[in-house]
Amino acid sequence: MSTVTQGYKCMDDTYQRRRLPIFLILLLAFSIRICGIGYDLTSSSLSLSQSVVENVVIDRTIHFFMTGNPNPAWFNYPTLYFYILFIIYWVYFLFGLIFNIFGSTNDLIDQYLTNPTNFYLLGRTINVIFGTMTVWIAYRIGERLYSRKVGIIGAFFLALTPMPVIYSQTVRTDIPMLFLLFLSFYFCILIMQKGELRHYIFAGIIGGLAMSTKYPAAVIIIPIFIAHILNRIERGLRLRDVINKEIVIGLLLLFVGFILGTPYAILDGSTFIFHLRSMYSQINIGLAQADENLWIKVFKDYLRGGMTLPLEILSICGVIYGLYRHKKEDILLITYSLAYYISMVQSTFHQDYYWLPLIPVLVILGVRLLTDTIQRIHLLNRHENLAIWMTAIFIISLGTYKLICYNYARTQESTRILAKKWIEENIPKGTKIVMETYGPPLSPTRKSLEDEYKRRIGPKGMTVIYLAQRYIKESLDDSIEYITSFYDRRISLPEPEISYYLFRTTMAGYYPMDYYKKNGFEYCVITAIFTKADVKEDFHDVIEFYQLLDNTGRLIKEFKPNFGRGGPIIKIYKIRDGSEITWHFSRSDLSQV
């Protein structure tokens, strides 16, 4: 064998060894995410998932098949992810044509309305892939900014961090947005280090696509601009020369990328603007503000729950260490983190997943601190890699344990499925039941679907929801055309053998008990998603409803989640006959809603 051939073989073996760790980490990330994607799915319900977001995302995608119109006429979310799902479902439809499962798109739609399991599994699998690729991007960012070691350990942490894993198992826009956001961020690093035009182009286009997946990705504007300024400073150029063609092109391409993913923001601009305004004006109706300071709650609850305490402490110390070092790499990461944190903490409505875009950056900063610290301990020089990996395993062990428990619970029947089976075995079909959001996925009778459709269509073609003695016109959530197409199709399908007359509502307390009794409802299913602390004080009539239900209703069955079972707490009440419950607030005739 020639010397040249031996050299190439040696280089190839070295390359393979370098690739093996990240390959194993990506395999770990995929495996931990793919477990449990069948959670909460059965084969006989019109609405399966406990997650309202999942139901909305898939409903909106299937609506494209119903109408043949790519304009969603609804912009609570931008549309890129809907189009990605549409392509996936279209490929699924083509396979169905080949194997004679489907004869037309009508068969696809009917399958979704009667047995949507495959649609949820396809969507969840796509998000598992996006989540796994986000781990790879974290590796590339850590490697490019600091070292390969930081990249590898950072990817290992992100592979096992609870919040990104959990949301990779659902059909949501958060994880695809996270992938595109940090892919754009990677090109921001290249802007800072090299400043070539192509880096501005990729950062802008991909950043725009991230924004077209979920609006908060607009924060990418900050790292693009900061990376550009840092590059200018390193080249010794004056700050007044900061505006050049590269940054202008990069920022313009953000807009282009957004329009590529959400073209009807331009083509149907008036609807887009209306929904955008309505979304932010109505997002917090009926829910209380946090009693404690949100600036602290983010760290105390959301990040701690999503990262676990050891990793959160390491990450916060990593931010402090980055501020102390204030190298250009640290400045880019920390300015992004601060910009996102400050912008999101101003919002009036919060969920843990709002803070997903902070986690990869915090993890990388924490890992940088970890590696630097161990490298400075001279006694560990001979065993530096072992010390780093042992420390990393210790830090992530709590998150790993949490994920093992979580994934085990997702392989078991949830409280929703258990409640569904119990009701079908113990309550006669056709019974009138009040059902809160996240309740057991029972099949509704045709009559209950018809009446539900009438309730949802209010005056002047707007959907109306009755909340605390006032109407709120909510055209942002439901257009008449969208509602009608789904209800018409569902009503036309054969009625399931076991079905119930369901009155489905977010909170049963939105309606007086007398209304339910007057209309013959026998049972009330409460999911305990919202508690007294979640409801604003001026909604005290809602609070009183639940107090009266506890005092006068008969609790006949309760299902609680535990170590090996997921789902909400579900309580099934028998509503007593009689007039012992009196409602103290005058309300409009709800039968007209």
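Structure first, text after, so check above.
Attention here is on the structure that accompanies the text. Every value quoted in this text rests on a predicted model; they were computed, and no experiment measured them.

## Details of the overall build of the protein
Of regular secondary structure, the protein possesses 23 helices and seven strands. For the protein, the residues scored as buried account for 54% of the 593 residues in total. Nonlocal contacts in the protein, meaning residues at least 24 apart in sequence, comprise 78% of its contacts between residues at least 6 apart. Accessible surface, the protein: about 26600 Å² in total, of which carbon and sulfur atoms supply 61%.

## Focus: the sheet that holds strand 4 (residues 501-505)
Read across the open sheet, the five strands follow the order 4-1-5-7-6; overall the sheet is mixed. Only two strands of the sheet have a single partner each, and these edge strands are strand 4 and strand 6 (554-559). With direction set aside, neighbouring strand axes in the sheet form an average angle of 20°. As paired elements, strand 5 (residues 523-526) and strand 7 (residues 570-574) share four bridges and run antiparallel to each other. Considered in strand 7, the bridge of I526 is made with K571. Strand contacts of helix 19 (residues 415-426): strand 1 (432-436), strand 5, strand 6 and strand 7, with the helix running at about 135° to strand 6, the strand carrying the most contacts.

## Observations concerning helix 2 (residues 52-67)
Between the first and last C-alpha of helix 2 there are 22 Å, a value that for 16 residues agrees with the 22 Å anticipated at 1.5 Å per step. For helix 2, a buried count of 12 out of 16 residues is recorded, marking the element as mostly surrounded by other parts of the structure. Residues V53, E54, N55, V57, I58, D59, R60, T61, I62, H63, F64 and F65 constitute the buried set of helix 2. At the C-terminal side of helix 2, G68 shows a positive phi close to 70°.

## Comments concerning the nonpolar core
If you look at the biggest cluster of nonpolar residues, it comprises 129 residues, and the most contacted ones within it are I62, I141, F157, L181, F182, F185 and W355. The leading source of residues in this core is helix 8 (residues 174-193), at 16 residues. In this structure, F503, Y515, V542 and F545 belong to the second largest nonpolar core, which totals 19 residues.

## Some details on the pattern of salt bridges
Opposite charge on two side chains allows them to pair when their charged atoms are near. One pass over the full model with this rule turns up 17 salt bridges. Residue E143 pairs with R140 through a salt bridge whose shortest N-O separation is 2.7 Å. Of the two residues, E143 and R140 both sit in helix 5 (residues 117-145), three residues apart, roughly one turn of that helix. Its salt-bridge partner being K420, residue E424 comes within 2.8 Å of it at the nearest N-O pair. Here the residue E424 and the residue K420 both occupy positions in helix 19, the gap between them amounting to four residues, near one helical turn. Residue classification places E424 among the partly exposed positions, given a relative accessible area of 25%. One connected set of salt bridges, linked through shared partners, spans D330, R368, D372 and R376.

## Quick look at the packing of helix 8 against helix 10 (residues 221-234)
At a minimum axis distance of 7 Å, the contact between helix 8 and helix 10 shows a crossing angle of 15°. Considering their axes alone, helix 8 and helix 10 lie roughly parallel with respect to each other. Relative to helix 10, helix 8 is oriented so that their crossing is right-handed. Each of F185, C188, I191, M192 and Q193 in helix 8 lies in contact with helix 10, whose residues at this interface are P223, I224, A227, H228, L230, N231 and E234. Its residues assigned to classes, the contact of helix 8 with helix 10 shows eight nonpolar, three polar and one charged.

## Digging into a nonpolar patch on the surface
Taken together, the side chains of I87, V91, F95, I98, F99 and I101 make up a nonpolar region of the molecular surface, amounting to roughly 660 Å² of accessible area. As for its position among the elements, V91 is in helix 3 (residues 80-98).

## Some remarks on the side chain of N71
Relative to the elements of secondary structure, N71 occurs in the loop between helix 2 and helix 3. By relative accessible area, N71 is classed as buried at 16%. A polar atom in the side chain of N71 sits 3.1 Å from the side chain of D268.

## Side note on the packing of aromatic side chains
Inspection of the entire model under this criterion finds 45 aromatic pairs. Aromatic pair Y453 and Y487: ring centres 5.6 Å apart, planes at 50°, arrangement tilted. Of this pair, Y453 sits in helix 20 (residues 446-456) while Y487 sits in helix 21 (residues 480-492), and the two are 34 residues apart along the sequence. Residue Y453 is classed as partly exposed on the basis of its relative accessible area of 22%. Plain terms: the ring middles of F503 and Y511 are 5.0 Å apart, the flat faces sit at 90° to each other, and that makes the pair edge-to-face. With respect to class, F503 is no different from Y511; both count as buried.

## As for the packing of helix 2 against helix 5
At a closest axis distance of 11 Å, the pairing of helix 2 and helix 5 adopts a crossing angle of 105°. With respect to helix 5, the axis of helix 2 lies roughly perpendicular. Contacts between helix 2 and helix 5 involve E54, N55, I58 and I62 on the former and, on the latter, F119, Y120 and R124. For the contact of helix 2 with helix 5, the per-class residue count stands at four nonpolar, one polar and two charged.

Rules used in this analysis
- Residues numbered from 1 in each chain as written.
- Predicted model: local features only at pLDDT ≥ 70, side-chain atom pairs only at ≥ 80, totals over all residues.
- Heavy atoms only, no water.
- Helix = DSSP H or I, 4+ residues; strand = E, 2+ residues; numbered from the N terminus.
- Buried < 20%, exposed > 50% of the residue type's maximum accessible area, 1.4 Å probe, protein only.
- Contact = heavy atoms within 4.5 Å.
- Areas by Shrake-Rupley, 256 points an atom, 1.4 Å probe, with all protein chains shown as cover.
- Pairing = 2+ DSSP bridges.
- Axes fitted to C-alpha atoms, helices over the stretch in contact; angles between N-to-C directions.
- Expected span 1.5 Å × (residues − 1).
- Core = buried A, V, L, I, M, F, W, Y, C linked by side-chain atoms within 4.5 Å.
- Salt bridge = Lys/Arg side-chain N within 4 Å of Asp/Glu carboxyl O.
- Parallel < 35°, antiparallel > 145°, perpendicular 65-115°, else oblique.
- Left-handed = near helix turned anticlockwise from the far one by under 90°.
- Nonpolar A, V, L, I, M, F, W, Y, C, P; charged D, E, K, R; others polar.
- Patch = residues over 30% accessible without salt bridge, like charges linked within 9 Å, V, L, I, M, F, W, Y side chains within 5 Å.
- Polar contact = N/O pair within 3.5 Å; in protein donor to acceptor, adjacent residues only side chain to side chain.
- Phe/Tyr/Trp six-rings, centres within 6.5 Å; stacked < 30°, edge-to-face > 60°.

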